[in-house]
Amino acid sequence: MPIQTQITVTVNGTRHTNPVEPRLLLAHYLREVLNLTGTHIGCDTSSCGACTVLLNGKAVKSCTVLAVQADGGNVTTVEGLAKDGKYHAVQQGFWDKHGLQCGFCTPGMMITAVQILERNPNPTEAEIRRGLRGNLCRCTGYHNIVEAVKAAAAASRAGGRKR
Amino acid sequence: MTTAFIGKSVRRTEDPRLITGKGTYVDDVKLLGMLHMALVRSPHAHARIKKINVSRASKAPGVVAIFTGADLQGQLGSLPVGWVLKQADTHTKYDMKAPPHPPLAFEKVRYVGDAVAAVVANDPYLAADAAALVDVDYELLGVVTDGEKATKRDAPQLHTEAPDNTCFEWDVHGGDYEGAAKKAQVVVKQKFINQRLIPNAMETRGVVADYNTGTNQITIWTSTQIPHLVRLLFAAVTGHPEQSVRVIAPEVGGAFGSKLYLYAEEIITGMIAKNLARPVKWVEGRQENYLATTHGRDHITYGEICGDKDGTITGLKVTTYANLGAYLSTFAPGIPTVLFGLMLSGVYKYPNVSCKVYGTFTNTTPVDAYRGAGRPEATYLVERMVDAFARELARDPVAVRRKNFLPPFKNGRAVATGVLYDSGNYRAPVDKALEMFDYKAFRKEQREARGSGKLLGVGFSTYIEICGMAPSAVAASLGAGAGLWESSTVRVHPTGKVTVFTGTSPHGQGHETTLAQVAGEHLGIPMESIEVMHGDTDRQQFGTGTFGSRSITVGGTALVMSLKKVKDKMRKIAAHQMGVPAKNVIFEDGKFYVEDIREKSMDFGTVVGEAYNAKNLPPGMEPGLEATSFFDPKNFTWPFGCHIAIVEIDEDTGQTRLKRYVAVDDIGNVINPMIVDGMVHGGIAQGVGQALQEGAVYGENGQLVTGSMLDYAVPTAEDVPSYETARTVTPSPVNPLGVKGAGEAGTIAASPAVMNAAIDALAHLGIRHLDMPLRSETVWRAINGAKAAKKAARSATATAARSGRKARR
Ligand code: FES
Ligand code: FES
C-alpha cells in the first residue's frame, strides 16, 4: 500500500477529508476522488490551463499543485461558479458571446477570467489577452472568449452599480 | 422570406452543460471495477524489437496484466486504410503500397511512439509506474524523417512492401503546362515547405472499453469524429461481430481531423477489456498525443507558375513530396492527392495545371487530415505563387487576381484539374473585403512607417475549398473505401416533442443547436421541444461522421429529407380528418390549414396525437410518426472567399505580428451566423499559427524535438488579434439548404494571407521568399542577409565604378 496522508480541503463550499497519496495532483484529487470532472486536464507541462481552479482565491493550474499542498485550503472549480441557480457573470458572458465551442478549455478559461475581473473590473482588450495567456484554446481563436470576458466585465460593473 | 430560426444567431443549446462542468468527455466516464492502461512506446524511430521482458513490470504494485504485440498478434489485426489509390483510376501510377500496420508492434518499430506493450493496472499512476519497468531490447536501424530524402536510393527502408519508401505516385494534368510554359513571357519557380503541424485538440484522445460476458457486447467510449466508422472498422479488424459493438462518442474536446480514424488504442483497449472481461480506460497524455495522434501537412513542393506580362496566368505546375509518416493512417492517401491536387485551379481560369505527388513513408508519426486537409496546402501554393507572379511583373496582387478569376456562375463550372465547381462569384468577397480595408490608405501608412523600424505588409489570399464530403460514387472512383453519404431520423413523440438523430458527430461545431434550428424551422415548433442526438451507434442509424465541412451540407440535407417525410405524413392525416385532398392542405405557423379556408385547421400537436392514437388514419397508413433518410449528394460544395492579413515586422528583431485580419467568406446560406463566425475565427487562428509560430520538428535521429506544449507554439490569446469577418452569399445548387460548409475556411486562407503580407513587408529589401513558420530568427536572418547582400552589391558597384574611372584616366 502506498503511503497515504490525510487532507481536508473545502471545495465549492463543502469540506472534504480524504486520505491521499502524497504524489496525487490536485487536478486528480478533484476529478477522481471528489468526482468533480468539470476541471479538465489538457497537458502534462503546465501549459494549457484547462485545469485552472481557484485555490485560496488565486487561479492555479491544478495539475501543478499536489493535493497535499491544498490541505486546509479553499478551492473553487467550475462547478462552484454558479450561485443560487444563477450563472456567474463570466458563465453568462461565455454563453451569450459564444465563448466556447468544444468546451474543453472552458472551465479553466472561465476561472482565469474570474480572476482577471477580480483584479481589474474594467480591463482593456490587451489586458484581457495578457491575462488569458496561460490558457490555450484551439477552437475559438480567442475572439469570442475576449468578447465574453468584456461582456462579463460590463455586466459585473452594472451589477455592482445597482447594489 | 421570414424565418423563425434559420439565419439567426441562436445561443447554443450545448452550452449550459459545458459552462457548468457537466459535460461528459471520455476521461469523465467511470465504470465499476475499471482498470487503467498505459502503453509502452518506442523511444527509437526505427528499430527491430529483439526482446521484451515484462518480469519487473508485472511484479509492480497494482499491475493486473501486461500484453505485448506478440501476445495479441492474432487478435488485433492490422489497422485499415480507408482511402486506396488504385492504378485503375486515371490519376494513380500503380496500386498504392499499403504495408501492414499492427496496433501493437511486434517485429519492428518505425517511429518514436510506436506502441509495443500495454500495461493494465488498477490505478493510472501505477499503470504508468509499471510501464516504465517494461524492458525492451532494440536493435537500432537507420532513420529517415524527410519526405523527399526518403525516396533517395540510399535512404533507410521502412517497409519491404514499399521500395524507395514510396507509397504512391499520383498526378493530375489539365491542359498542357509544358506547352504553356514554353509560350509564356514569364515563368516563376519556387520551392515551398508546408511544415508539419500537430493538431492539438485541447482534449487528447482517450478510450474506455467495457465487455459484457453475458451478451458478448463490447462498448467503446472514444473521443472520435466517426463513431459509426470506428465500430465498422473495429469489427472488420478484430472479427468481433459488428452488432455486438457499440461505440459512443461522448463530448469530444476538439479534433480538427485528428480524431477521424480508427486508432490502435481503440482496438487495443477494446480487445484487452474483452480478454480481461473488465472495463479498461486509456487516456492519452499530451506528450504521448504529440507522438501517437496524427500530424498534418508536411509537404515539400517545387512550384512553377507561368503567364504573360499583362498579368494573365496561363499555367501552374507542382511536384510534391507528401510525407505520410511511418504507416498509413485511415484517410492518409486521400489528403495529399484528391483534396490537394484537384484543388490547384483555385478560383482562377488558367487552363493548364500539372501536378505530381509522391506519397512517402518516413520514421515519423503518421500524417493525415488536419483542418482543411489538402486544401490549405493547395491554397498556400496557388496564392503564394500568384503573388510571386504579380511581384515578378511589378503588378498589384489584387489586380492580377481579378484579371484571372473565373467569371461568376450559378450552376456548375469545370476547371483545369477536371473537377466541377458548384457556384461561384469570386470578385464579390474581394470587393467586400476592400470595403472593409482601405488599401490605398494602407499603402501610404506602409511607406511612412518604413523609416521607423516597423515594416508593414498586407497579404491577400482568395481560396476555394471542396466540402460536403461527398458524392459516394465520385469519391469511390477516387479511392474512398466507404460511402460518404449522411443519415438522419426524425422521431416525433406522442406529446409533440421531437428527437433528431443525426449520423454526424460534432466536436465543438454546435450541431445540437444548428440542426434544432433547421428542425424547428420546418416543423414550426420551438427549439426547446427538439433534442438532437448524435455519437452513439446504438441510438442512431449508421452515419458517416463530422469532417470535411460536411455536417450541414450532407447531414443537414438528410435531416431536411426526414422532416419533409414527417410533414407529408402529417399533412395526409390532417387532410383526411378535415375531409379535403392533401394537396389543399398547407402547413404554416405550426398549423395545417385548408387552403383558402383559414378557419379550418389542425395544430401540430393534434395531428401528432392522431398519428399515435391511430383512430382515424387514412386507409392503409401505418401509425406512428418517424422518418429516416439517407442523403448522398450529387456534387461536392465549393465555398470560397477572400482574406486580408496585415502584419508588422520589427526590423531589428524580426518579430512578426499579425495586426489586423479581414475575412470575407462565401459559404452559401448560413443557418447560425454566430456559430459560423466562431468557426471562422478558430480556423484563422490555426492558419495564423502555422504561418507565424507552429511547426513540428524532428531531429536527424527521428526524435520529435517539439515534443511537448512547451516546445510547440500553439497560439495564445496574445498572439492573435480580434478578427473582422463578413460574408457574401452564393447559395449552393447541390442541396436544398443552399449551404456550402464552414468549418475549414479560416485555416485554408490564413496561412497564405499572412505569408503574402510578410513578403509584402520585406520585398523592398529584396526578399522574395520565406518558408513558414516566420519565427523571429528566420525573419531576422532574412533581413540581415538581404541588407548585407545589398551592401555588398553597393560596394561592388562602387569598386567597379572606381576602377572604371581609373581605366578611363
Ligand atoms: S493540464 Fe494543467 S496546465 Fe495543462
Ligand atoms: S472551446 Fe475547444 S479548446 Fe476552447
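Remember, it's a predicted structure, so these values are computed and weren't measured experimentally. (Residues numbered from 1 in each chain as written. Chains lettered and ligands numbered in written order. Predicted model: local features only at pLDDT ≥ 70, side-chain atom pairs only at ≥ 80, totals over all residues. Heavy atoms only, no water.)

## Examining the nonpolar core
- If you look at the biggest cluster of nonpolar residues, it comprises 221 residues, and the most contacted ones within it are A:Phe94 and B:Tyr661.
- Apart from residues lying up to four places away in sequence, B:Tyr661 is in contact with B:His643, B:Ile644, B:Ala645, B:Ile684, B:Tyr723, B:Glu724, B:Ala749, B:Ala750, B:Ala753 and B:Val754.
- By size, the runner-up hydrophobic cluster in this structure holds 42 residues, among which are B:Val10, B:Ile552, B:Val594 and B:Met621. (Core = buried A, V, L, I, M, F, W, Y, C linked by side-chain atoms within 4.5 Å. Buried < 20%, exposed > 50% of the residue type's maximum accessible area, 1.4 Å probe, protein only. Contact = heavy atoms within 4.5 Å.)

## Regarding the pairing of strand β14 (residues 313-325) of chain B
Residues and elements named next belong to chain B.
- Burial analysis of β14 places 11 of its 13 residues in the buried class, which makes it a mostly covered element.
- Two strands pair when backbone bridges link them, and strand β13 (residues 296-307) and β14 are joined in this way by 9 bridges, in the antiparallel orientation. Note on β14: the bridge partner recorded for His299 is Ala322.
- Counted between consecutive antiparallel strands, the loop separating β13 from β14 contains 5 residues, among which Gly311 sits at a positive phi close to 100 degrees.
- In this sheet, strand β15 (residues 352-361) lies alongside β14 in parallel orientation, the contact comprising 10 bridges. Each bridged residue has a counterpart across the sheet, and for Lys317 the counterpart in β15 is Ser354. (Helix = DSSP H or I, 4+ residues; strand = E, 2+ residues; numbered from the N terminus. Pairing = 2+ DSSP bridges.)

## Section: the side chain of B:Asp89
Residue and element names in this part refer to chain B.
- Here Asp89 lies in the loop between α3 (69-76) and β4 (108-109).
- There is no salt bridge for the buried Asp89, and the closest opposite charge comes from Lys86, which lies 8.9 Å off by N-O distance.
- A polar contact is formed between the side chain of Asp89 and the backbone nitrogen of His91, at a distance of 2.7 Å. (Lys, Arg positive; Asp, Glu negative; His and termini not counted. Salt bridge = Lys/Arg side-chain N within 4 Å of Asp/Glu carboxyl O. Polar contact = N/O pair within 3.5 Å; in protein donor to acceptor, adjacent residues only side chain to side chain.)

## With respect to the interface of chain A and chain B
- With 46 residues of chain A in contact, the opposing surface of chain B contributes 53 residues.
- Counting the surface lost from both chain A and chain B, the interface buries some 4,500 Å², and carbon and sulfur atoms represent 54% of this.
- Looking at the side of chain A facing chain B, the largest losses of area belong to A:Trp95, A:His98 and A:Arg138, adding up to 20% of the total buried there.
- Across the contact surface, chain A and chain B share 8 salt bridges.
- A salt bridge links B:Asp27 to A:Arg31; the shortest N-O distance between them is 3.2 Å.
- Viewed at the interface, chain B and chain A are joined by 33 residue pairs in polar contact (both at pLDDT 80 or more).
- Among the secondary structure elements, those contributing two or more residues to the side of chain A that touches chain B are α1 (26-33), α2 (89-96), α3 (106-119), α4 (125-131) and α5 (143-162) of chain A.
- The dominant element in the side of chain A that touches chain B, judged by the number of residues it contributes, is α2(A), at 5 residues.
- Of the residues belonging to the side of chain A that touches chain B, the class tally is 17 nonpolar, 18 polar and 11 charged. (Buried area = accessible area lost by both parts, 1.4 Å probe. Nonpolar A, V, L, I, M, F, W, Y, C, P; charged D, E, K, R; others polar.)

## Quick notes on the packing of aromatic side chains
- On inspection of all chains with the given rule, the structure shows 22 aromatic pairs over all chains.
- Between A:Tyr87 and A:Trp95 the ring centres are 6.1 Å apart and the planes differ by 85 degrees, which places this aromatic pair in the edge-to-face class.
- For A:Tyr87, a relative accessible area of 24% corresponds to the partly exposed category.
- Seen from their ring centres, B:Tyr421 and B:Trp638 are 4.8 Å apart, and the 40 degrees between their planes marks the pair as tilted. You can see B:Tyr421 sitting in strand β17 (residues 420-421) and its partner B:Trp638 sitting in the loop between β25 (626-631) and β26 (640-650), a full 217 residues away along the chain. You'll find B:Tyr421 and B:Trp638 in the same group, each marked buried. (Phe/Tyr/Trp six-rings, centres within 6.5 Å; stacked < 30°, edge-to-face > 60°.)

## Things to note about the domain arrangement of chain A
Residue and element names in this part refer to chain A.
- Here chain A is described as being made up of domain 1 (5-80) and domain 2 (89-158).
- Taking only C-alpha atoms into account, the centre of domain 1 sits 21 Å from that of domain 2.
- Here domain 1 packs against domain 2, burying approximately 1,100 Å² in sum over the two surfaces, 60% of which is carbon and sulfur.
- Where domain 1 meets domain 2, there are 0 salt bridges. (Domains from an automatic or database assignment.)

## A word on the pattern of salt bridges
All names here are of chain B.
- Counted according to the given criterion, the structure contains 51 salt bridges over all chains.
- A salt bridge links Lys93 to Glu169, with the shortest nitrogen-to-oxygen separation between them at 3.2 Å. Within this pair, whereas Lys93 is found in the loop between α3 and β4, its partner Glu169 is found in strand β7 (residues 166-174), the two being separated by 76 residues in sequence.
- The partly exposed category is assigned to Lys93, whose relative accessible area is 49%.
- Take Glu169: its relative accessible area is 13%, and that puts it in the buried class.
- One salt bridge connects Glu383 with Arg401, and the closest N-O pair in it is separated by 2.7 Å. Here Arg401 lies in helix α11 (residues 397-404) and Glu383 lies in helix α10 (residues 375-392), a separation of 18 residues in the sequence. One exposure class covers both Glu383 and Arg401, and it is buried.
- What emerges from the salt-bridge pattern is a single network uniting Arg41, Arg205, Glu265, Glu284 and Glu288.

## A few points about helix α18 (residues 673-692) of chain B
- Here α18(B) is 20 residues long and its end C-alpha atoms lie 28 Å apart, about the 28 Å a rise of 1.5 Å per residue gives.
- The element α18(B) is extensively covered by neighbouring structure, given that 19 of its 20 residues are classed as buried. (Expected span 1.5 Å × (residues − 1).)

## Some remarks on the side chain of B:His159
All names here are of chain B.
- Relative to the assigned elements, His159 resides in the loop between β6 (135-140) and β7.
- Judged by relative accessible area, which is 3%, His159 ranks as buried.
- Polar contacts involving the side chain of His159 include one to the side chain of Arg110, which spans 3.4 Å.
- Only 2.6 Å separates the side chain of His159 from the backbone oxygen of Ala326, close enough to count as a polar contact.

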